[in-house]
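Inside the fold
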Amino acid sequence: MTGHHHGHAHEHEHEHEHEHEGSELSGMALRVRALESLLVEKGYADPAALDALIEIYETRIGPRNGARVVARAWADPAFRDHLRRDATAAIHGMGFTGRQGEHMVAVENTPEEHNLVVCTLCSCYPWPVLGLPPAWYKAPAYRSRAVMDPRGVLAEFGVALPEGTRIRVWDSTAETRYLVIPMRPAGTEGWSEERLAALVSRDSMIGTALARQPGAAPMAEAPA
Amino acid sequence: MNGAQDLGGMMGFGPVRPEPEHLRFHAAWEKRALAVTLAAGALGQWNIDASRHARETLPPGEYLTSGYYEIWIKGLEKLLLARGLVTAEELREGRMRAPGPALPPLRAEAVEPALMRGSPYDRPATAPARFAVGAAVRTRHFHTPEHTRLPRYARGRRGVVDRVQGVFVFPDSNAHGRGEAPQWLYTVRFAAAELWGEGADPDLTVSIDAWESYLEA
């Protein structure tokens, strides 16, 4: 996909529009279709299994899982303590287990230090709690600059940290997966975990956003 | 290897383009690319490190101008060819010429248990860890055409051990079929000035996860 197509894709959210462009995108569509039918014909892929894989990542495994982890960490000191001692056990204990989340570490933002997660070498990302990584997380612009100029990257997300805030960047070079715990917004005392979770965006758990303030515009429709 | 995948510190890619959270795929083919990649991986003919090496050995120009699902598909085709599961003619035509080795495919009912189980990469320790939290270390400085998870920007740099994570499969061996060769894994933290030199952000630290053989006292 070229930069042009990449940018173009962002302007539309209806997938089918891209299937008729007569461009590299439809070239890839044909290539993937040929590969899929070949693997099915050779007995290496079961079409029902392919559909099941897609269904799970479209509807069940996504950043709302991670938001529940963050909300519980905010609301429940015992859980927060567990998350600090053994994030893998704490997160698996909520049912968020499996592929690309086998080994978890939770990193907490403080007024003094902000955490940001990247994978400069590929696309390592905590799937069970955040779902599939967004395109920008896997693209060269983010991967190249997050480790060198994270403040510049944050500015592109509309985030300006208070002066003097240190930044800690975690480059995911092994199978450990990092989940950022953003700071709990003021004015949310006594909120239920469900209400708190609605303040937690995907990007705030990567470190490219802060948690929403109470009363801010709610986020767009977001399944799972 | 010093391929196009090793992006830390490169310049000129333009701004990051944020996306709304609910946007999961940009085209229907991306869903199929995800599914065939995961299903083919479940055949057990390669490991995650070999997959990463197949992707990073794409020519740099091609890697940098391919979207990530495109990189996945190109890497998958290389692995299928290398393992003799498909031929180049079959890939070109999208049709079987001759059966390949008999391998049981991932079945629909096995999808959820397999995804939820995952594949832990930690292994039992057989020797004590060489470094403790707080130890000053230097990363080794090497250039290999093989797979490694020590990025160029962090080679030959002084840092401090921040966490001792346990013993994990060593990708530099596992990617090439030389066995898991597990090693102690550490989080090593660097001051930005050590990585980026003059003009580095004084309030920035960066950490990598580094296997023991990447480190010297």
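Residues numbered from 1 in each chain as written. Chains lettered and ligands numbered in written order. Predicted model: local features only at pLDDT ≥ 70, side-chain atom pairs only at ≥ 80, totals over all residues. Heavy atoms only, no water.

1. Some words on the pattern of salt bridges
Residue and element names in this part refer to chain A. Quick reminder of the rule: Salt bridge, as applied in this entry: a Lys or Arg side-chain nitrogen positioned within 4 Å of an Asp or Glu carboxyl oxygen. Only protein chains enter the accessibility calculation, which uses a 1.4 Å probe. A residue is then buried if its area is under 20% of the maximum for its type, exposed if over 50%, and partly exposed in between.
Applying the stated criterion across every chain yields a total of 30 salt bridges over all chains. The residue Glu 175 makes a salt bridge to Arg 177 at a minimum N-O spacing of 2.9 Å. Using a relative accessible area of 8% as the deciding quantity, one classes Glu 175 as buried. For Arg 177, a relative accessible area of 1% puts it in the buried group.

2. Observations regarding the confidence of the model for chain B
Interpreting fine coordinate detail is not advised for predicted regions of low pLDDT. Put simply, the rule is: Per-residue confidence from the predictor is given as pLDDT, running between 0 and 100.
Residues of chain B with pLDDT of at least 70 account for 100%, and the chain-wide mean is 97. Here the predicted complex carries an ipTM of 0.98, next to a pTM of 0.93.

3. Examining the interface of chain B and chain A
Counted only if it meets this: By the convention used here, residues are in contact when the closest approach between their heavy atoms is within 4.5 Å. A quick way to say it: buried area is the sum, across both parts, of accessible area lost when two parts are put together, with a 1.4 Å probe. Pairing of N or O atoms within 3.5 Å defines a polar contact, subject to two protein rules: one partner must be a possible hydrogen donor and the other a possible acceptor, and residues neighboring in sequence count only if both atoms are side-chain atoms. Secondary structure elements are defined from DSSP: runs of H or I of at least 4 residues count as helices, runs of E of at least 2 residues count as strands, and each element is numbered from the N terminus. Each residue gets one label: Ala, Val, Leu, Ile, Met, Phe, Trp, Tyr, Cys and Pro are nonpolar, Asp, Glu, Lys and Arg are charged, and the others, such as Gly, are polar.
The partner chain A presents 98 residues to the 98 residues of chain B that form the contact. Between chain B and chain A, a total of about 8900 Å² is buried, with carbon and sulfur atoms accounting for 59% of that surface. When residues of chain B are sorted by the area they lose upon contact with chain A, B:Val16, B:Glu21 and B:Arg24 head the list and together hold 9% of the total. A salt bridge links B:Asp162 to A:Arg168, with the nearest nitrogen and oxygen atoms 3.2 Å apart. On the surface where chain B and chain A come into contact, there are 43 residue pairs in polar contact (both at pLDDT 80 or more). Element by element, the count of residues in the side of chain B that touches chain A is highest for helix α1 (residues 28-41) of chain B, at 11 residues. For the side of chain B that touches chain A, the class distribution of residues is 54 nonpolar, 18 polar and 26 charged.

4. Description of the UniProt feature "domain: Nitrile hydratase alpha/Thiocyanate hydrolase gamma" (unreviewed entry) in chain A
The line we're drawing: UniProt positions are given in the numbering used here, feature names are shortened, and annotations may be inferred rather than shown by experiment.
Here, UniProt's "domain: Nitrile hydratase alpha/Thiocyanate hydrolase gamma" (unreviewed entry) annotation points to residues 28-209 of chain A. The straight-line gap between the two end C-alpha atoms of residues 28-209 of chain A is 32 Å; of that span, 47% is helix and 13% is strand.

5. Comments concerning the domain arrangement of chain B
Residues and elements named next belong to chain B. Our working rule: Note that domain bounds follow an automatic or database assignment of domains.
For chain B, the assigned domains read domain 1 (28-117) and domain 2 (136-216). Look at where the C-alpha atoms of domain 1 and domain 2 centre, and you get two points 28 Å apart. In this assembly, 6 residues from domain 1 lie in contact with 9 residues from domain 2. Interface area for domain 1 against domain 2, summed over the two sides, is near 570 Å², with a carbon-plus-sulfur share of 45%. Per-residue buried area on domain 1 facing domain 2 is highest for Asp 49, Arg 52 and His 53; these three make up 68% of the total on that side. Here domain 1 is connected to domain 2 by 0 salt bridges. Looking at side-chain class alone, the side of domain 1 that touches domain 2 contains 1 nonpolar, 2 polar and 3 charged residues.

6. Re the UniProt feature "domain: Nitrile hydratase beta subunit" (unreviewed entry) in chain B
The feature "domain: Nitrile hydratase beta subunit" (unreviewed entry), as annotated in UniProt, sits at residues 120-216 of chain B in this numbering. A helix fraction of 9% and a strand fraction of 37% characterise residues 120-216 of chain B, whose end C-alpha atoms lie 27 Å from each other.

7. Regarding the pairing of strand β2 (residues 113-118) of chain A
All names here are of chain A. What counts is decided by this rule: When DSSP finds at least two bridges between two strands, those strands are taken to pair.
Across the 6 residues that make up β2, a large majority, 6, are buried. Because side chains alternate across β2, one face comprises the buried residues Glu 113, Asn 115 and Val 117, and the other comprises His 114, Leu 116 and Val 118, equally buried. By the bridge criterion, 6 bridges tie β2 to strand β3 (residues 166-171) in an arrangement that is parallel. The residue bridging Glu 113 from the neighbouring strand is Arg 166, located in β3.

8. As for the UniProt feature "domain: Nitrile hydratase beta subunit-like N-terminal" (unreviewed entry) in chain B
Under the feature "domain: Nitrile hydratase beta subunit-like N-terminal" (unreviewed entry), the UniProt entry names residues 1-100 of chain B. Secondary structure over residues 1-100 of chain B splits into 49% helix and 0% strand, and the C-alpha atoms at its two ends are 31 Å apart.

9. Let's talk about the UniProt feature "binding site: Fe(3+)" (unreviewed entry) in chain A
Selection rule: Only protein atoms enter the 1 Å grid used here, on which a cavity is any set of points holding a 1.4 Å probe that cannot leave and a pocket is any open set flanked by protein within 12 Å on both sides along at least five of seven lines; residues with an atom within 4 Å of a point are listed as lining.
Residues annotated in UniProt with the feature "binding site: Fe(3+)" (unreviewed entry) correspond here to A:Cys119, A:Cys122, A:Ser123 and A:Cys124. Of the annotated positions named here, the largest cavity is lined by A:Cys122. Position of A:Cys119 among the secondary structure elements: in the loop between β2 and α7 (127-130). Among residues more than four places away in sequence, those in contact with A:Cys119 are A:Cys124, A:Tyr137, A:Arg143, A:Asp171, A:Ser172 and B:Arg149. Note that A:Cys124 resides in the loop between β2 and α7. On the basis of relative accessible area, A:Cys124 is assigned to the buried category, the value being 3%. Look past the residues within four positions of A:Cys124 in its chain and what remains in contact with it is A:Gln100, A:Cys119, A:Tyr137, A:Ser172, A:Ala174, A:Arg177, B:Arg52 and B:Arg149.

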